[in-house]
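# Observations on the three-dimensional arrangement
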Amino acid sequence: MNRFKIQDSFAIEPDMFVFAGEMLQGRARAGMKFTVPEARHAWEFVVRSVECIRKAGGDEMVGLTVTNGRPSYLRGMGAGWTAELYEA
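Here's a quick rundown of the structure.

Definitions and limits used
- Residues numbered from 1 in each chain as written.
- Predicted model: local features only at pLDDT ≥ 70, side-chain atom pairs only at ≥ 80, totals over all residues.
- Heavy atoms only, no water.
- 1 Å grid on protein atoms, 1.4 Å probe; cavity = no way out; pocket = protein on both sides within 12 Å on 5 of 7 lines; lining within 4 Å.
- Points joined across faces, edges and corners; volume = space filled by probe spheres on them.
- Nonpolar A, V, L, I, M, F, W, Y, C, P; charged D, E, K, R; others polar.
- Core = buried A, V, L, I, M, F, W, Y, C linked by side-chain atoms within 4.5 Å.
- Buried < 20%, exposed > 50% of the residue type's maximum accessible area, 1.4 Å probe, protein only.
- Helix = DSSP H or I, 4+ residues; strand = E, 2+ residues; numbered from the N terminus.
- Contact = heavy atoms within 4.5 Å.
- Salt bridge = Lys/Arg side-chain N within 4 Å of Asp/Glu carboxyl O.
- Pairing = 2+ DSSP bridges.
- Axes fitted to C-alpha atoms, helices over the stretch in contact; angles between N-to-C directions.

By volume, the largest pocket is sized at about 160 Å³. Looking at the largest pocket, it is lined by 10 residues, and the ones nearest its centre are Glu-38, Trp-43, Tyr-73, Leu-74 and Met-77. Partitioning the lining of the largest pocket into residue classes produces 6 nonpolar, 2 polar and 2 charged.

Phe-19, Phe-34, Val-36, Phe-45, Leu-64, Met-77 and Leu-85 are the most contacted members of the largest nonpolar core, which has 16 residues in total. Listing elements by their share of this core, those giving two or more residues are β1 (2-13), β2 (16-25), β3 (33-38), β6 (60-67) and β7 (82-85). Apart from the residues within four sequence positions on either side, Phe-34 is in contact with Phe-19, Trp-43, Glu-44, Phe-45, Val-47, Leu-64, Val-66, Ala-83, Glu-84, Leu-85 and Tyr-86.

The final tally for this structure, using the stated rule, is 4 salt bridges. Between Arg-29 and Glu-87 there is a salt bridge, with its nearest N and O atoms 2.0 Å apart. Taken together, the residues span a long stretch of sequence, with Arg-29 in the loop between β2 and β3 and Glu-87 in the segment after β7 at a distance of 58 residues. A relative accessible area of 48% means that Glu-87 is categorised as partly exposed. Between Glu-60 and Arg-54 there is a salt bridge, and its shortest N-O distance comes to 3.2 Å.

Turning our eyes to something else, we now look at the environment of Lys-33. Looking at where Lys-33 falls in the secondary structure, it is placed in strand β3. Among residues more than four places away in sequence, those in contact with Lys-33 are Glu-44, Phe-45, Val-46, Glu-84, Leu-85, Tyr-86 and Ala-88.

On to the sheet that holds strand β5 (residues 49-54), then. One open sheet holds the 5 strands; their spatial order is β5-β6-β2-β1-β7, and the pairing between them is antiparallel. Only two strands of the sheet have a single partner each, and these edge strands are β5 and β7. Across the sheet, the mean angle from the axis of one strand to that of its neighbour is 45°, orientation sign disregarded. Across 6 bridges, the pairing between β2 and β6 is antiparallel. What sits directly across from Met-16, in β6, is Thr-67.

Printed below as a string of C-alpha cells:
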C-alpha cells in the first residue's frame, strides 16, 4: 500500500498543481493515481512527477505534481487528507 499525507497544495504554473506532504507508507512514482475528495466530489489525479520541496528552515516535503484541471484547482485542496496511490 502507498499512502501519502497531503499537508498543502498549490499551483506552480497554469498547467501544473502540486500536492505537498509526506509518504506514510510505500512510495510514489510518475503515472500513479490517487483520489482527493473536495466539495462533495472525488477528483482523480495522475502523478506527472515526484519532487523534493525544500521549505524555509531546511525542512523537506514530497511534492506530487499533477496536471492542473479546469477550472483551476484551489490552493489547499486536500490538505489533511491521506491519499492512497495506486498503479494506473
